[in-house]
Amino acid sequence: MSERAMRARVTQEVAEVIATRRVGAYQHLTLVAPGVAELARPGQFVALAVGDATSGNLLRRSFSIHKVSPSGTYGGTVDIVVSAVGVGTRWIVDRVPHDTIDVVGPLGKAFPLPTEPVACVLVGGGYGSAPLFWLAGELRARGCHVEMVLGAASEDRLFGVVEARRSCDGVTVTTDDGSAGQQGWVSDPLPEIIDRTGASVVYACGPMGMLESVTRVAQAHGAVAQVAVEESMACGVGVCMTCVMPVVGSDGRTRMVRSCVEGPVFRGDCVRWDAFEGGHARVPDDAVGAPKVGGH
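Rules behind the numbers
- Residues numbered from 1 in each chain as written.
- Predicted model: local features only at pLDDT ≥ 70, side-chain atom pairs only at ≥ 80, totals over all residues.
- Heavy atoms only, no water.
- Pairing = 2+ DSSP bridges.
- Helix = DSSP H or I, 4+ residues; strand = E, 2+ residues; numbered from the N terminus.
- Axes fitted to C-alpha atoms, helices over the stretch in contact; angles between N-to-C directions.
- Buried < 20%, exposed > 50% of the residue type's maximum accessible area, 1.4 Å probe, protein only.
- Contact = heavy atoms within 4.5 Å.
- Disulfide = S-S within 2.5 Å.

A. Quick peek at the pairing of strand β14 (residues 254–258). Note that strand β13 (residues 244–248) and β14 share 5 bridges and pair antiparallel. If you follow Val244 over to β14, its bridge partner there is Arg258. Adjacent in sequence and paired antiparallel, β13 and β14 are bridged by 5 residues, among which Gly252 carries a positive phi angle near 85 degrees.

Put into structure tokens, the structure is as follows:
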């Protein structure tokens with residue numbers, strides 16, 4: 001789909017908060033946004049304005065869509081999961097029912113779905129697992145065998161373990177400190193799961209280091225990784241260029257692309273993981289348009 005066509009499927013709504021609840025270390029909000037709910041697909045995200053008319057911050061905050069309900073008592077709803085780490089996200093988690101939030105969405109490219117039933121493994125880190133539950137439902141509706149791996153630093157940072165056990169054919173939990181499930185990273189049990197299920201696709205969402213590890217394991221075991229990246233997005237609509245990252249195109253050349261428009265979902269084997277340092281992407285020397293030694 002062209003960028004123009006994608007933008008035609010985006011709407012802006014003043015959404016009412018109808019529910020908010022604490023889930024471990026995170027806040028789960030349900031917003032009435034029928035336009036977004038009707039258009040959205042698993043893997044896409046929304047961008048929320050922060051603050052009211054007299055206290056609004058310049059930049060929106062972007063969140064993966066956890067799930068949608070196209071119709072209901074209040075109209076179509078959109079669910080998001082928020083971790084309060086700064087002024088903006090703290091403002092969002094402090095909203096109460098009947099408060100309103102300005103929402104733009106759905107944004108970005110969705111997860112590609114298989115055209116026939118195949119085994120799939122879904123891997124989530126922390127609240128990065130939020131969009132995977134909706135995806136799991138779509139995959140199972142297509143007859144796919146779906147297993148999920150959920151990981152986090154500690155038990156309170158996990159999201160959706162109970163929901164995963166209801167919606168998937170198998171669930172594996174890992175924590176860095178061993179407080180829940182097996183101790184280690186989500187990539188540790190992945191080889192056995194791929195080999196046992198014969199999975200041909202691994203979907204993942206979480207920190208960039210996790211996505212790199214998942215991609216390498218998937219490649220080594222004959223599966224394709226589809227990863228939803230967590231690059232910082234200042235505008236969410238492709239204007240500001242703050243979320244650019246190096247990706248190899250179909251012609252084999254590396255280009256700096258906007259993760260909010262060309263992503264956030266990419267084939268893992270197309271991402272230039274070697275260019276990420278300290279959580280930030282540098283421009284590889286061989287990228288199209290990269291500065292050359294000696295200047296122009």
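We are not done yet, so read on.
B. Examining the sheet that holds strand β1 (residues 11–23) more closely. Spatially, 6 strands are ordered β1-β2-β5-β4-β3-β6 in a closed barrel, and the strand pairing comes out antiparallel. With direction set aside, neighbouring strand axes in the sheet form an average angle of 45 degrees. Note that β1 and strand β6 (residues 100–107) share 6 bridges and pair antiparallel. Bridge pairing in β6 links Gln12 to Val104.

C. Representation of the pairing of strand β7 (residues 119–125) in the model. With respect to burial, β7 is a largely interior element, 7 of its 7 residues being buried. Side chains of β7 alternate between two faces, with Ala119, Val121, Val123 and Gly125 and Cys120, Leu122 and Gly124 buried alike. Of the pairings in the sheet, the one linking β7 to strand β8 (residues 145–152) comprises 7 bridges and is parallel in character. Pairing of Val123 across the sheet is with Val149, part of β8.

D. Molecular detail of the sheet that holds strand β11 (residues 201–205). Ordered in space as β10-β9-β8-β7-β11-β12-β15, the 7 strands form an open sheet in which the pairing is mixed. Every other strand in the sheet has two partners, leaving β10 (182–183) and β15 (265–267) as the edge strands with one partner each. Strands in contact with helix α7 (residues 208–220) are β7, β11 and β12 (224–228); relative to β11, the strand with the most contacts, it is inclined by about 175 degrees.

E. Region of interest: the state of the cysteines. Under the defined criterion, the tally for this structure stands at 0 disulfides. Free of any disulfide, Cys144 has its nearest cysteine sulfur in Cys120, 4.4 Å distant. The exposure class of Cys144 is buried, given its relative accessible area of 4%.

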